[in-house]
Amino acid sequence: MPDTRASGALLSVRDLGIRHDGADAEAPAGASFVVNRGEVVLLLGPSGAGKSTLALALNGLVPHAVPATVRGRVEVDGLGTAETPVSVLSTRVGMVFQDPDAQLVTGTLLDEVAFGPENLRLPVADVLERAEEALRRVGLWDRRHENPDRLSGGGRQRLAIACALAMGSPLLVLDEPTANLDPQGVEEVYATLGALVAAGDRAIVLVEHNLDAVVGIVDRVVVLDRTGRTVADGTVDEVLRARAPELHEMGVWLPVSTLAALRLRAAGWTLDPLPLDPTELRTALDAADAPAGSPAASVPSAADVAPVASAEPLIRVRGLRTLRGRREILHGIDLNVAAGEFVAIVGANGAGKTTLLQSIAGVVPVARGQVLLDGIDVARSDPRELSRRIGFVFQNPEHQFIAHTVFDELAHGLRRQRLAENEVRERAFDVLRRFDLDGKADVHPFLLSGGQKRRLSVGTALVAGAPVLALDEPTFGQDRARADELMDLLEGLSADGTTILVVTHDMQLVTEHAHRTIIIGDGRVVADAATAAVFADDALVRAAGLRQPPLRRAFAGMTRHPSLAGVTRLADLPAPETAP
């Protein structure tokens, strides 16, 4: 590993351990790395390793604003973050959070970007110069007089980046910056970051699980193990290519194309070097011979994966028009969902996906007769009765936590059903074990890691045994291993008759698991068909602001190995059962 005492580094992290007040262990618990100007460093690690906590320590929010015990040392531009005020560090470190709305406070783009420099008491001319330069850098200068609310999700994230740039910060720290963005927004954000890096005067530290989008701009990869100690630090080739099997075993995210290549290697294919993106994977396969006796890919038909439609739909939506304030978000939605279906709801940011999911679940008000759930009118239903029929998981897990311990969070819904306390405990602890949270039963939900919060939020929806589960971005904040476990669990529930509704921006996840895909655009149903049929229409996918999933891009139309041409899911690739 590189020497973390290297002189002249913009950022130096040495043996960093952080224990939050009330937490039972450090996370991270021994992180060490350096970042030089002009570098993009990707920080990986399993859920609970402390990646987001480490990010907050880089600009001093930990420990100055977030109480915690810190050992080791963090230096930015020669300043120790433990003893330097956040106001001073803000000129060295710009922070961009997962949700850009959490850091946007003014009425126009120009005011938003000028806000930080104004608080540094810079002369007006300097403030305006910085704001203009930052907005031009991210391609938003021509929209400077607009309200940030009019921007797309990707546009708001670019605005948040501009705000950090206007502070003159040489180091940008981005924590899952594309987690809530549609594929087009992801492209916008990483095109902006790529251009910033090309200038060479700034450095970027990224916590990101969408490696397919980011790998093209990364210089170095730092990996934390489950305890939060640095176990890998090197170039993309040294870490992602050379140590991919080890990282996969740890449960961290890898590019989908790399996971596919690992499976094919296990089936006897020679793929060296290991591909990291769809283009590399296709090129490598075009140059490779199929191994002798290699089994053909197994591509299931729609009849193999979709449930048999019942005469009466479990969910019936007719003429759904949902308002937020005075604004109509959904404009006359009609759809049916059968028991046991696994349905993905996709679309661009602002299309109305989450509003549709919340309307079906009764989270937002709907007019009488517009949503029927298992024969019950959602608009007329008592919340307790509704919770027996549908479990809902918010995009932000913290929006649904109401109890003071993890156990009580799970027990709350069961107690509302007036179950016996021994049954409450049995069912709650079964979920805790299933989601690897049994050691956290007495911990406050807000002290969990991001991934643990997500698992708890899914557990609260699952524990009541409702026949319908509605989940908004279910893999948000999860490491790869936990995400796989969760999706396999949902698939199993679907096979047993539970109806699954998922809103997601992860097109590979949709292809892997959903029987059916509904595209929402401008509050209307743009497409509603079997998942394979939806993604077979390239023009439709592109027009909806979406992108083809990585495996479809890699394999579609392949002629040298026609048995792979129809593969869209990792599970369909030829590989031994022990392969990733």
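Residues numbered from 1 in each chain as written. Predicted model: local features only at pLDDT ≥ 70, side-chain atom pairs only at ≥ 80, totals over all residues. Heavy atoms only, no water.

As named in an unreviewed UniProt entry, the protein is Putative HMP/thiamine import ATP-binding protein YkoD, taken from Microbacterium laevaniformans. Under the heading Sequence similarities (unreviewed entry), UniProt records this for the protein: "Belongs to the ABC transporter superfamily." (UniProt positions renumbered as here; feature names shortened; annotations may be inferred.)

Counting its secondary structure elements, the protein contains 23 helices and 22 strands. At 24 Å, the protein has a C-alpha radius of gyration in line with the 25 Å of a compact globule built from 580 residues. When the backbone C-alpha atoms are referred to their principal axes, the protein occupies close to 70 × 60 × 55 Å. Residues classed as buried in the protein amount to 55% of the 580 residues present. For the protein, the proportion of contacts with a sequence separation of at least 24, taken over those separated by at least 6, is 67%. Here the protein holds 59 positive side-chain charges and 76 negative ones, and the gap between their average locations is 4 Å. (Helix = DSSP H or I, 4+ residues; strand = E, 2+ residues; numbered from the N terminus. Rg over C-alpha atoms; globule rule 2.2 N^0.38 Å. Buried < 20%, exposed > 50% of the residue type's maximum accessible area, 1.4 Å probe, protein only. Contact = heavy atoms within 4.5 Å. Lys, Arg positive; Asp, Glu negative; His and termini not counted. Charge placed at Lys NZ, Arg CZ, Asp CG, Glu CD.)

Moving on, we come to the pattern of salt bridges. If you walk through the whole model with that rule in mind, you get 36 salt bridges. Glu 132 is paired through a salt bridge with Arg 136; the nearest N and O atoms lie 2.9 Å apart. Of this pair, Glu 132 and Arg 136 both sit in helix 5 (residues 124-137), four residues apart, which is roughly one turn of the helix. Residue classification places Glu 132 among the partly exposed positions, given a relative accessible area of 29%. On the accessibility criterion, Arg 136 (48% relative accessible area) is partly exposed. (Salt bridge = Lys/Arg side-chain N within 4 Å of Asp/Glu carboxyl O.)

Okay, the packing of aromatic side chains next. Two descriptors summarise a pair of aromatic rings, namely the distance from one centre to the other and the angle between the planes of the rings. Scanning all chains against the criterion turns up three aromatic pairs. Here the aromatic rings of Phe 401 and Phe 446 are separated by 6.1 Å at their centres, their planes lie at 90°, and the arrangement is edge-to-face. Of this pair, Phe 401 sits in the loop between strand 18 (390-393) and helix 16 (406-416) while Phe 446 sits in the loop between helix 17 (421-434) and helix 18 (450-462), placing them 45 residues apart in sequence. Take Phe 401: its relative accessible area is 8%, and that puts it in the buried class. A cation sits over an aromatic face here: Arg 144 above Trp 141, 4.1 Å from the ring centre. (Phe/Tyr/Trp six-rings, centres within 6.5 Å; stacked < 30°, edge-to-face > 60°. Lys NZ or Arg CZ within 6 Å of the ring centre and 35° of its normal.)

With that out of the way, let us pick up the sheet that holds strand 20 (residues 499-503). If you trace the six strands from one edge of the open sheet to the other, you get 18-19-20-15-21-22, paired in mixed fashion. Of all strands in the sheet, those bounded by a partner on one side alone are strand 18 and strand 22 (524-530). Mean inter-strand twist for the sheet, computed between neighbouring axes without regard to direction, equals 15°. Taken together, the six bridges between strand 21 (residues 516-521) and strand 22 define a ladder with antiparallel strand orientation. Note that in strand 22 the partner of Thr 517 across the bridge is Ala 529. On top of the sheet, helix 19 (residues 480-495) reaches strand 15 (342-346), strand 19 (468-472) and strand 20; it is set at about 125° to strand 15, its chief contact. (Pairing = 2+ DSSP bridges. Axes fitted to C-alpha atoms, helices over the stretch in contact; angles between N-to-C directions.)

Given a rise of 1.5 Å per residue, 17 residues ought to cover 24 Å, and the 25 Å separating the end C-alpha atoms of helix 7 (residues 183-199) matches this to within 8%. Residues of helix 7 that are buried: Pro 183, Gly 185, Val 186, Val 189, Tyr 190, Thr 192, Leu 193, Leu 196 and Val 197. In the segment just after helix 7, Gly 200 is the residue with positive phi, at about 80°. (Expected span 1.5 Å × (residues − 1).)

If you check the domain split of the protein, you get domain 1 (11-243), domain 2 (261-291 + 555-579) and domain 3 (315-554). Between the C-alpha centres of domain 1 and domain 3 the distance comes to 29 Å. At the interface, 20 residues of domain 1 touch 22 residues of domain 3. Buried area between domain 1 and domain 3, both sides added, is near 1600 Å², and the carbon and sulfur share of it is 46%. For Lys 440, the salt bridge identified is with Asp 24, shortest N-O distance 3.5 Å. One can count four residue pairs in polar contact (both at pLDDT 80 or more) joining domain 1 with domain 3. Mapped by element, the contributors of at least two residues to the side of domain 1 that touches domain 3 are helix 6 (153-166) and helix 7. (Domains from an automatic or database assignment. Buried area = accessible area lost by both parts, 1.4 Å probe. Polar contact = N/O pair within 3.5 Å; in protein donor to acceptor, adjacent residues only side chain to side chain.)

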